[in-house]
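Each chain is listed here by its residues.
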Amino acid sequence: MNGHAEKLKGVGLTHVTYRLPSQCLSLEEMGEQHLLESDASFLRDLGFGQSFVRNHETSDDVIDDMAVDCGRDVLDRSGIATHGVRWLLRYTGLPDEGSPEGDLLTRFRYPVAHAQERLDLNRASSIALSQQGCSGLLSSLFLANRLLQGEDDGAVLCLAGDALPRGRRREILYNVMSDAAGAVLVERNATRNRLLHFVQHAMPYYWDTPRHATEVLASYFPLAHRVITRTLDEAGLTTDDVTWVVPHNVSLRSWIILARLLDIPSDRIWSHNIARIGHTVSCDHLINLRDMEDQGILQSGDILLLFTFGFGANWTCLLLEH
Amino acid sequence: MPPTIFITGASGMVGRDLVPYLLTHSNAELTLLCHRSGRGASHNRRVRTIFGDVRLPDLGISREDRSRIERSTTHILHAAACTRFDQDLEDARAVNAAGTRHVAALARRCKRLEQFGFVSTAYISGRRTGVVREDELEHDEGFVNTYEQSKYEAEMFLASQHAQLPIAVYRLSTIFGDSRTGVVRTMTAPHLAMKIIYHGLAVMVPGLPNCRVDFIPGDYAATVLARLFLSAFEAGRTYHITANPERSYVLADLVDAIYGEFAVLDSEWGRRRYPKPLLSTPESFELFMQSVEQAGDPILLGVLRSIRHFANQLTCPKDFERRNVVEALPSYDADFPDIRNYASKVIRYCLETRWGKRAA
């Protein structure tokens, strides 16, 4: 297997939050508006229910605004001084290509730098990450850990957010999509959500998603099984040790199948947001972690298995200890 | 006088190796029944080819041919079969079960008949697991596909005919290819599975990693069948022409061998690093199948449907007893070609001919 495998020491996700657009469409409404590829009844059978969609009246920057709001929220709740944030990472799976017209310098307007300025993170360096599909957030956390290994103190603020292009269909390969933004603070000497192990398997042959869509579908389960199994093995754990699977919100049906293949009871997959929100490009794990904390689901010492697949293609697994 | 052998299925998977062996190793006169829609097996002056259809009463042959067969035939070897696993049950029965009844009816009218050999399959055992004995037939474990079921029904019929006909049954396992050349006469389920793997579409296969995969080489199968039929015939006996387990792969090793060989033969393919299929339970496979059926993805659906018709056999591990065949041919196991020595030839043949679409 290629990619990265890393035991991660002492770094954790201390504060997590997310935002959703206000407009919520049911599967039936999306069907009526021709925003789905498949029948609404089929998608409901797969576990989906509704989608949060950026409103037509909102500005193009609404997701960036939401991401900055999330960042501000996380910083306020953590109480960390802004000079304590050494790095700002901003992940998006659907980067804005910008207009081909106009002044060339407008191509150098960077949302991540704008976010840094709005959050008053004057001692941080900022990097925008992209092109890992729905794997990007977990990769951001992996990078955040690496960056912190080189620092005596400080934190990394990770922002994420994506919106599908306006007016386009809300279903990608049988998954119903919501727009969303989120933020997470990654700190050393964290007392919760400590990063235990990270494994990512890349299949760059699938870089051209439309051309290899069927092969990608065929590879999903074998590589998901392999990556999760390897992550647990290398961390010295078994599926019995996993308290919760924190999923990316692809179809519930696919999680039931994967759970059987891994011999994990499906009631250990925290799947409540699949029907409520569906899949987002970069925020599923932030959404699920935050809701699990708010609902008192998590106990200290719980082992959390975060898994995702991203076009490009990458299969990624991260283990946390709450 | 030399024996006169009437053979059905002479142009099939086993027949095409069997007929040359019979011509070389005996002085028999052969009459070959070939299907009307197929090409005839062209051989030498000791061979007569007639066209017919086992699905029809009297095999659809002319009165003149029928009369000659009834008058002169001393041996019948019934090898004609529909070997597709995805055939509708009624269509499979028409060839495999009814066809066998039609051949048996003709056999009963052959005044000089000494031997009736029936080419069956070891997988009339269906979903049975554990030791499968040669003298066992009837069971209620069910079947993985219509081929297994219809051949079982044919054997059940022949079991009722022992008082009227001198019958020996030869149950062959799955033919993988020629152990000498790698040539595959007819692409069947294992070859289709390799094609699916080659195209990166192998998602999951119901199967146990340590389940031994019972493959036999076509040339060895034909030789053994001919020797048993010509030189060691015993009416009322059943023979398992199946693999020597010590010279066979388990499923996980077979998958590894296929991936390894493709990577050697096609470096570009190797670079893609397609994942190996998951070996799953039948339940997981069916749930995934249901999802694909609902989604309607035509490519994946075709792939899974083709796998479904045979792969469930890989969750029913069996140990085929070979007592009768070893008693008749004591060197059977020792002479059995080791699949590790010829699998690469078969895989290469499949790839180079694009699964039979190009000349070798």
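Values in this document were obtained by computation on a predicted structure and should not be read as measured data. (Residues numbered from 1 in each chain as written. Chains lettered and ligands numbered in written order. Predicted model: local features only at pLDDT ≥ 70, side-chain atom pairs only at ≥ 80, totals over all residues. Heavy atoms only, no water.)

Participant: When you look at the overall build of chain A in this model, what are you seeing that I'm missing?
Facilitator: The helix and strand tally for chain A stands at nine helices and 14 strands. In terms of overall dimensions, chain A is globule-like: its C-alpha atoms have a radius of gyration of 19 Å, near the 20 Å expected for 322 residues. Taken over the C-alpha atoms alone, chain A extends approximately 55 × 50 × 40 Å along its principal axes. Counting the 322 residues in chain A, one finds 57% classified as buried. Across chain A, the fraction of contacts at a sequence separation of at least 24, relative to all contacts at a separation of at least 6, is 81%. Split by element, the accessible area of chain A, about 13400 Å² in all, is 47% carbon and sulfur. Mean positive and mean negative side-chain charge positions of chain A (29 and 42 charges, respectively) differ by 3 Å. (Helix = DSSP H or I, 4+ residues; strand = E, 2+ residues; numbered from the N terminus. Rg over C-alpha atoms; globule rule 2.2 N^0.38 Å. Buried < 20%, exposed > 50% of the residue type's maximum accessible area, 1.4 Å probe, protein only. Contact = heavy atoms within 4.5 Å. Areas by Shrake-Rupley, 256 points an atom, 1.4 Å probe, with all protein chains shown as cover. Lys, Arg positive; Asp, Glu negative; His and termini not counted. Charge placed at Lys NZ, Arg CZ, Asp CG, Glu CD.)

Participant: Where do I start with the pattern of salt bridges in this structure?
Facilitator: All names here are of chain B. Applying the stated rule across the entire model yields 40 salt bridges over all chains. Measuring nitrogen to oxygen at the nearest pair gives 3.8 Å for the salt bridge that ties E321 to R133. Pair noted here: E321 is in the loop between β13 (318-320) and α12 (323-328) and R133 is in the loop between β6 (130-132) and α5 (146-159), with a separation of 188 residues, a long-range link. On the basis of relative accessibility, which here comes to 15%, the residue E321 falls in the buried class. (Salt bridge = Lys/Arg side-chain N within 4 Å of Asp/Glu carboxyl O.)

Participant: Is there a simple way to explain helix α11 (residues 298-311) of chain B in this structure?
Facilitator: Side chains three or four residues apart in an α-helix point the same way, a direct result of the helix having 3.6 residues per turn. Taking 1.5 Å of rise per residue, 14 residues should cover 20 Å, and α11 of chain B covers 20 Å from first to last C-alpha, within 8% of that figure. Of the positions making up α11 of chain B, those classed as buried are L300, L301, V303, L304, S306, I307, F310 and A311 of chain B. Those residues of α11 of chain B that are buried lie in contact with α6 (213-234) of chain A together with α6 (189-198), β9 (204-206) and α10 (282-295) of chain B. Where α11 of chain B starts, the residue carrying a side-chain oxygen 3.2 Å from the main-chain nitrogen of I299 of chain B turns out to be D297 of chain B. (Expected span 1.5 Å × (residues − 1). Polar contact = N/O pair within 3.5 Å; in protein donor to acceptor, adjacent residues only side chain to side chain.)

Participant: Please clarify how unusual backbone geometry should be interpreted in this entry.
Facilitator: The phi torsion of most residues other than glycine is negative, and most of the peptide bonds are trans. Between G312 of chain A and A313 of chain A the backbone carries a cis peptide bond, its omega angle lying at 0°. One non-glycine residue with positive phi stands out, namely N193 of chain A, at about 50°. Along the chain, N193 of chain A falls in the loop between β10 (180-187) and β11 (194-202). With a phi angle near 55°, D58 of chain B is a residue other than glycine that sits in the positive phi range. The class for D58 of chain B is partly exposed, based on a relative accessible area of 27%.

Participant: Sorry, what's going on with helix α3 (residues 89-96) of chain B here?
Facilitator: All names here are of chain B. Buried within α3 we find A92, V95 and N96. Down the axis, α3 shows its buried residues gathered within 85° of arc, on one side only. Looking at the buried positions of α3, the neighbouring elements they touch are α4 (98-108) and α5. (Arc of directions from axis to C-beta.)

Participant: Can you help me understand the pairing of strand β5 (residues 115-121) of chain B in this one?
Facilitator: Remember that side chains alternate between the two faces of the sheet whenever the strand is regular. All names here are of chain B. In terms of burial, β5 is a largely internal element, seven of the seven residues being buried. Burial along β5 is two-sided: the face carrying Q115, G117, V119 and T121 and the face carrying F116, F118 and S120 are both buried. One ladder, built from four bridges, connects strand β4 (residues 75-78) with β5; its direction is parallel. Within β5, the position partnered with H75 by the bridge is Q115. For β5 and strand β7 (residues 167-172), the ladder comprises six bridges, and the chain directions are parallel. (Pairing = 2+ DSSP bridges.)

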